[in-house]
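Coordinates in review
Now for the letters of each chain:
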Amino acid sequence: NENAADIFRMLVNKGADYNLGFVGHLCVDGCRLEKGYLHWGHDIGPDDSPLQAGLDFSVRFNKDYIGKQALIEQKEKGIQRHLLQFVVESDSQPLLLHDEPVYSGGVIVGRTTSGGLGFRTGLSLCNGVVDIGHICARDELQNRQYSINVAGEHFDLQVLKSPVYDPENRRMRG
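Reference entry: report on the structure contained in this document. Worth saying up front: this structure is predicted, and the values here are computed from it rather than measured.

1. Overview of the pairing of strand β6 (residues 153-160)
In the sheet, strand β1 (residues 81-88) pairs with β6 via 4 bridges, with the strands oriented antiparallel. From the neighbouring strand, Q85 faces β6, where its bridge partner is L160. Across 5 bridges, strand β5 (residues 146-150) lies against β6 in antiparallel orientation. In the sheet register, Y146 faces β6, and the bridge partner there is L157.

2. With respect to the packing of aromatic side chains
Summed over all chains, the structure comprises 2 aromatic pairs. When the ring of F86 is compared with that of Y146, the centres are 5.3 Å apart and the planes differ by 65 degrees; the resulting orientation is edge-to-face. Of the two residues, F86 is situated in strand β1 and Y146 in strand β5; the sequence distance between them amounts to 60 residues. A residue is classified by how much of its surface remains accessible, and F86, at 0% relative accessible area, is buried. The class of Y146 is buried, set by a relative accessible area of 2%.

3. Describing the sheet that holds β1
Spatially, 6 strands are ordered β1-β4-β3-β2-β5-β6 in a closed barrel, and the strand pairing comes out antiparallel. With strand direction ignored, the average angle separating the axes of adjacent strands in the sheet is 40 degrees. Bridge analysis of strand β3 (residues 107-117) against strand β4 (residues 124-131) gives 7 bridges, and the strand direction is antiparallel. Residue G116 lies in a different strand from β4, and its bridge partner there is L125. Relative to the sheet, helix α2 (residues 25-35) contacts β1, β3 and β4, its axis offset from that of β3 by approximately 125 degrees.

4. Brief notes about the pairing of β5
For β5, the tally of buried residues reaches 5 of 5 residues, placing the bulk of the element in the interior. Because side chains alternate across β5, one face comprises the buried residues Y146, I148 and V150, and the other comprises S147 and N149, equally buried. In this structure, strand β2 (residues 101-104) lies alongside β5, joined through 2 bridges in antiparallel fashion. Paired with Y103 across the bridge in β5 is S147. In textbook terms, the turn of a hairpin is the stretch between consecutive antiparallel strands, and for β5 and β6 this stretch comprises 2 residues, one of which, A151, has a positive phi near 55 degrees.

The rules behind the values
- Residues numbered from 1 in each chain as written.
- Predicted model: local features only at pLDDT ≥ 70, side-chain atom pairs only at ≥ 80, totals over all residues.
- Heavy atoms only, no water.
- Pairing = 2+ DSSP bridges.
- Helix = DSSP H or I, 4+ residues; strand = E, 2+ residues; numbered from the N terminus.
- Phe/Tyr/Trp six-rings, centres within 6.5 Å; stacked < 30°, edge-to-face > 60°.
- Buried < 20%, exposed > 50% of the residue type's maximum accessible area, 1.4 Å probe, protein only.
- Axes fitted to C-alpha atoms, helices over the stretch in contact; angles between N-to-C directions.
- Contact = heavy atoms within 4.5 Å.

Quick look at the structure:
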């Protein structure tokens, strides 16, 4: 404890040589949204399936595991609830948090699960769960028009089909 302040100053001074700076929780959350990473407990939880969350790339139907039959049935019946990622189509940057209503065709079809500002892109981003009933194909959902209500003001949304930052993961892989 007695050396904490000295160590902190040393890290700050040495970090300046590498153009490093301070990062807070909101910045980390914004970077997560830019990469399309999901937040356990907000975007997804134990009641959500990987198919609903768009994580079907991680499901192996050729292997045995608990819950496989439920996923097969869900895939065959179709999925009503989908987690999508959106960008706000506006020059303003509304404060997005979670639980804002998502509209399609003037009707509430879901809610946001998380949201924030992408610090590298400057975009207002959010994840949201939509439930449109009879539409089960993800590409049909992605082609619909959506809007969001933030503090009584409506903003148009665009569905993102890939992350807005480093979609090929080149930076992650070096």
